[in-house]
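Geometric and topological summary
What follows is the residue order along each chain.
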Amino acid sequence: PAPPAGGSVRVAGIGALDVSWTDPPDADVSGILLHYDSDASGPVYTGQGALEGISPLRAEPARRSVRISGLPSCLPHFIALTAMLSEEGETRRE
């Protein structure tokens, strides 16, 4: 599928980020995966510590936003979004 488009990240308080996107037009998208990490941009995103769980976090289709909380506030955070197909795999947008 096409990757999620128009991704944006906004600080939502101490240790929290709001991440939003536009879903790809593919009808067979089964979810959006939000990958996060604090050591570097680029695969592999092995983020841990968010109250919502370890990377990647899954969002259902049409949700279009996720809040990540419980992150260390003194580190940079890197985010990537991928779209999952029902059966095939995922595409990446950083």
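Scroll up for the structure.
Residues numbered from 1 in each chain as written. Predicted model: local features only at pLDDT ≥ 70, side-chain atom pairs only at ≥ 80, totals over all residues. Heavy atoms only, no water.

A few words on the sheet that holds strand β1 (residues 5-11). Read from one edge to the other, the open sheet built from 3 strands follows the order β1-β2-β5, with strand pairing classed as antiparallel. Every other strand in the sheet has two partners, leaving β1 and β5 (65-68) as the edge strands with one partner each. Each strand of the sheet is rotated relative to its neighbour by a mean of 15 degrees, with strand direction disregarded. Pairing geometry for strand β2 (residues 17-22) and β5, over 4 bridges, is antiparallel. The residue bridging S20 from the neighbouring strand is S65, located in β5. (Pairing = 2+ DSSP bridges. Helix = DSSP H or I, 4+ residues; strand = E, 2+ residues; numbered from the N terminus. Axes fitted to C-alpha atoms, helices over the stretch in contact; angles between N-to-C directions.)

Here D37 shows up in strand β3 (residues 29-37). The class of D37 is buried, set by a relative accessible area of 6%. One polar contact links the side chain of D37 to the main-chain amide nitrogen of T46, over a distance of 3.0 Å. For D37, the residues in contact, after removing those within four places along its chain, are V44, Y45, T46, G47, P76, H77 and F78. (Buried < 20%, exposed > 50% of the residue type's maximum accessible area, 1.4 Å probe, protein only. Polar contact = N/O pair within 3.5 Å; in protein donor to acceptor, adjacent residues only side chain to side chain. Contact = heavy atoms within 4.5 Å.)

Before going further, it helps to examine the pattern of salt bridges. If you walk through the whole model with that rule in mind, you get 4 salt bridges. Its salt-bridge partner being D18, residue R67 comes within 2.7 Å of it at the nearest N-O pair. One end of the pair, R67, is in strand β5; the other, D18, is in strand β2, and 49 residues separate them in sequence. Residue D18 is classed as buried on the basis of its relative accessible area of 17%. For R64, the salt bridge identified is with D23, shortest N-O distance 3.9 Å. One end of the pair, R64, is in the loop between β4 (57-59) and β5; the other, D23, is in the loop between β2 and β3, and 41 residues separate them in sequence. Classification of R64 as partly exposed rests on a relative accessible area of 43%. Under the relative-accessibility criterion, D23 is labelled buried at 19%. (Salt bridge = Lys/Arg side-chain N within 4 Å of Asp/Glu carboxyl O.)

Note that every value here comes from positions in space, so none of it alone points to a role or purpose.
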